[in-house]
Number of protein chains: 2
Amino acid sequence: MRDPRLHCPLTLAVKAISGKWKLYILSMLSDGTPKRYGELLKSTCENLTEKMLTSQLRELEKDGIITRKVYPEVPPRVEYMLTESGRKLCTIFEPLYEWGVDYMKTHRHDQLPWLEMGLKKLA
Amino acid sequence: MRDPRLHCPLTLAVKAISGKWKLYILSMLSDGTPKRYGELLKSTCENLTEKMLTSQLRELEKDGIITRKVYPEVPPRVEYMLTESGRKLCTIFEPLYEWGVDYMKTHRHDQLPWLEMGLKKLA
DNA sequence: CACAAAACCTACTAAAAAGTAAGTAAGCCA
DNA sequence: TGGCTTACTTACTTTTTAGTAGGTTTTGTG
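Residues numbered from 1 in each chain as written. Chains lettered and ligands numbered in written order. Predicted model: local features only at pLDDT ≥ 70, side-chain atom pairs only at ≥ 80, totals over all residues. Heavy atoms only, no water.

- Chain A carries the name Helix-turn-helix transcriptional regulator in an unreviewed UniProt entry, which gives Chitinophaga fulva as its organism.

Below, the structure written as structure tokens:
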């Protein structure tokens, strides 16, 4: 018998966002304006490598959550933005974010700083 | 500088549910009745191993999402159930689930079967 | 006294994911 | 002609995660 989790909408949703850098990427794109590859690469203080960024972008694209647009220029320009599915997905971040805030209060995690990404704009 | 993702409520929430068997476990517990170790182990057609079940349960417990209750009997009896945080977390599954349903419609995934877990009861 | 039952734990191996460092293409510009 | 830019590949190594097969504990029962 096949793994029923593969066919579960909830599992699908969670898998779509659980790559190591996907929340970061999605949050960067969540304000609606397209972002260039280099822009995504440089706007985190962490060492997000090219290999990782590329693989995460490819997965998100394959899953229909973002689109990739290549401009035929030299040097090349590639822009990424959310699809309709991607935009819907981002709206669900809100309750998750709220749960996290509540959770941090009761489980005494470090309170600050946390991502100053576009996430709050979703509210 | 530290990784801001570690301090992001959203990241925390997603990490809490992204273990390989966590959604399964959470869905089993989401009806509110405590479940025994062996019950969780046997109620999936997939080969969830003892090692994996134990590690996933330990993580959920460490994260304060489930509780573990040992009854001093022989043979031993151990029951797991959701904490308050865990129950709150499960309510967020609903929008994620809905997104997944919508996503499957537009991305022509196999439609059935999917997990007949307690998830729909959350509605 | 040997065996069963439940819920583990441990050591070892295999597979998957991530990190590292280097290379590529295509045209503009000096 | 050689260097510069951007958005990538590729090959290789290390680390993390998961799978496999065995062992342990504690009483009750035949």
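From this point on, the discussion continues.
### Quick look at the pairing of strand β2 (residues 66–71) of chain B
All names here are of chain B.
Okay, so step 1: Inspection of the sheet shows β2 paired to strand β3 (residues 77–82) by six bridges, in the antiparallel sense. Bridging from a neighbouring strand, K69 pairs with E79 of β3.
Okay, so step 2: Between β2 and β3, which pair antiparallel one after the other, the connecting turn spans five residues. (Pairing = 2+ DSSP bridges. Helix = DSSP H or I, 4+ residues; strand = E, 2+ residues; numbered from the N terminus.)

### Focus on the protein's contact with DNA strand C
Okay, so step 1: Neighbouring DNA strand C are 16 residues; A:K20, A:K51, B:E50, B:R68 and B:Y80 lie closest to it.
Okay, so step 2: Here the atoms of DNA strand C within 4 Å of the protein split so that 63% fall in sugar or phosphate, with bases taking the remainder.
Okay, so step 3: Between DNA strand C and the protein, one listed contact pairs a phosphate oxygen with a backbone N or O atom of B:G38 at 2.9 Å.
Okay, so step 4: At 2.7 Å, a side-chain N or O of B:Y80 approaches a phosphate oxygen of DNA strand C.
Okay, so step 5: For the surface near DNA strand C, the elements supplying multiple residues, two or more each, are α4 (50–62) of chain A together with α3 (37–42), α4 (50–62) and β3 of chain B.
Okay, so step 6: Classifying every residue of the surface near DNA strand C by side-chain character gives seven nonpolar, two polar and seven charged. (Near = heavy atom within 4 Å. Polar contact = N/O pair within 3.5 Å; in protein donor to acceptor, adjacent residues only side chain to side chain. Nonpolar A, V, L, I, M, F, W, Y, C, P; charged D, E, K, R; others polar.)

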